[in-house]
Amino acid sequence: MERLQKVLAQAGVASRRKAETLIVEGKVKVNGKVVTELGTKVTRADRVEVEGVELVKEQFVYYLLYKPRGYISTVSDEKGRKTVLDLLPMVEERIFPVGRLDFDTSGIIIMTNDGDFSYLMTHPKFGIQKKYVAKVKGIPERDALKKLERGIELEDGMTAPARVKMQSFDKKTGTAIVEITIHEGRNRQVRRMFDAIGCPVQKLRRETFAMLTTQGLNAGEARELTTHEVKQLRVLAETGKIG
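Summarised in this report is the structure supplied together with it.

What counts, and where the lines are drawn
Residues numbered from 1 in each chain as written. Predicted model: local features only at pLDDT ≥ 70, side-chain atom pairs only at ≥ 80, totals over all residues. Heavy atoms only, no water. Pairing = 2+ DSSP bridges. Helix = DSSP H or I, 4+ residues; strand = E, 2+ residues; numbered from the N terminus. Buried < 20%, exposed > 50% of the residue type's maximum accessible area, 1.4 Å probe, protein only. Contact = heavy atoms within 4.5 Å.

**A word on the sheet that holds strand E2 (residues 28–30)**
Moving on, step 1. Spatially, the 4 strands line up as an open sheet ordered E3-E2-E5-E6, and their pairing is antiparallel. One side of each edge strand has no neighbouring strand; the edge strands of this open sheet are strand E3 (33–34) and strand E6 (53–54).
Moving on, step 2. Sheet topology note: the E2/strand E5 (residues 48–50) ladder contains 3 bridges and is antiparallel. Residue Val28 lies in a different strand from E5, and its bridge partner there is Val50.

**Structural notes on the pairing of strand E14 (residues 175–182)**
Two faces make up the sheet, and in a regular strand the side chains alternate between them.
Moving on, step 1. Most of E14 sits inside the fold, with 7 of its 8 residues counted as buried.
Moving on, step 2. Relative to E14, strand E10 (residues 130–137) runs antiparallel, the two sharing 8 bridges. Residue pairing for E14: Val133 is matched across the bridge by Glu179.
Moving on, step 3. Across 7 bridges, the pairing between strand E13 (residues 163–170) and E14 is antiparallel. Note that in E14 the partner of Val164 across the bridge is Ile180.
Moving on, step 4. Following E13, the chain reverses through 4 residues before pairing antiparallel with E14; Gly174 in that reversal takes a positive phi of roughly 65°.

**Quick notes on the pairing of strand E15 (residues 201–209)**
Moving on, step 1. Note that strand E9 (residues 105–112) and E15 share 3 bridges and pair parallel. Among the inter-strand pairings, Gly107 is bridged to a residue of E15, identified as Arg206.
Moving on, step 2. As defined by bridge partners, E10 adjoins E15 across 7 bridges and the pair is classed as antiparallel. Its bridge partner being in E15, Ala134 is matched across the sheet by Leu204.
Moving on, step 3. Where E15 and strand E16 (residues 212–213) come together, 2 bridges link them in antiparallel fashion. Bridge assignment links Phe209 to a residue of E16, and that residue is Leu212.
Moving on, step 4. Between the antiparallel neighbours E15 and E16 lie 2 residues, among them Ala210 with a positive phi of about 55°.

**Considerations on the side chain of Thr40**
Moving on, step 1. Among the structural elements, Thr40 can be located in the loop between E3 and strand E4 (41–42).
Moving on, step 2. The exposure class assigned to Thr40 is buried, which follows from its relative accessible area of 19%.
Moving on, step 3. Excluding anything up to four places from it in sequence, Thr40 contacts Glu2, Arg3, Leu4 and Val35.

**Observations regarding unusual backbone geometry**
Moving on, step 1. Not every positive phi belongs to a glycine, and Asn31 is a case in point at roughly 55°.
Moving on, step 2. You can see Asn31 is positioned in the loop between E2 and E3.
Moving on, step 3. Looking at Asn31, the relative accessible area reads 42%, which means it is partly exposed.
Moving on, step 4. Look at Glu51: it is not a glycine, yet its phi comes out positive at around 50°.
Moving on, step 5. Its place among the elements puts Glu51 in the loop between E5 and E6.

The analysis is restricted to geometry; functional conclusions fall outside its scope.
In structure tokens, the structure reads:
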């Protein structure tokens, strides 16, 4: 027997945290009865429905997508904006983005229907590193960069320590290119961190996700992750080391 939210996540309905929300909101039935308790366990013989649709287990798939600017990292948008799913029309499985990139942020994002995998990749306790390159307005002083490295106070709390490196700066335009590596994934976190030191982001790209890069891809293109890459990511989350 397995917990209901884990079964939903494994079936590609949503991430485990989102699956928990669906259960609490009374949108999940087991054998025809609404279930709202997160501790509920089910077996393969149980019939599970989510919002009236019976659960069908899918084979897990994993894609690395080079997200361009101008797309939102959700499966649908009430405002009719383009989503990352529009870039993967050939995928039949019900995939969703692992974490998010802002509408105006480009770079690497993983798409999957494996909720457990998504949880391993996004929860801060697993320490998966993501490197961003930001073009910022202003040239941050060394002390400001040190603040980012140590952790900076935002409205939702102190950020975890980060790795920060100044790549270049241009005194004529008053801009700088700064590399920052974090393992958290708060809403618009990198932008808010630079705002906090008085250097707002003008352009932002996520260059790496753990050991993955967008090498060989143009913006808007995707490829399947190899079995070895998926295994490496799992081992990294579980042990802190590349397998």
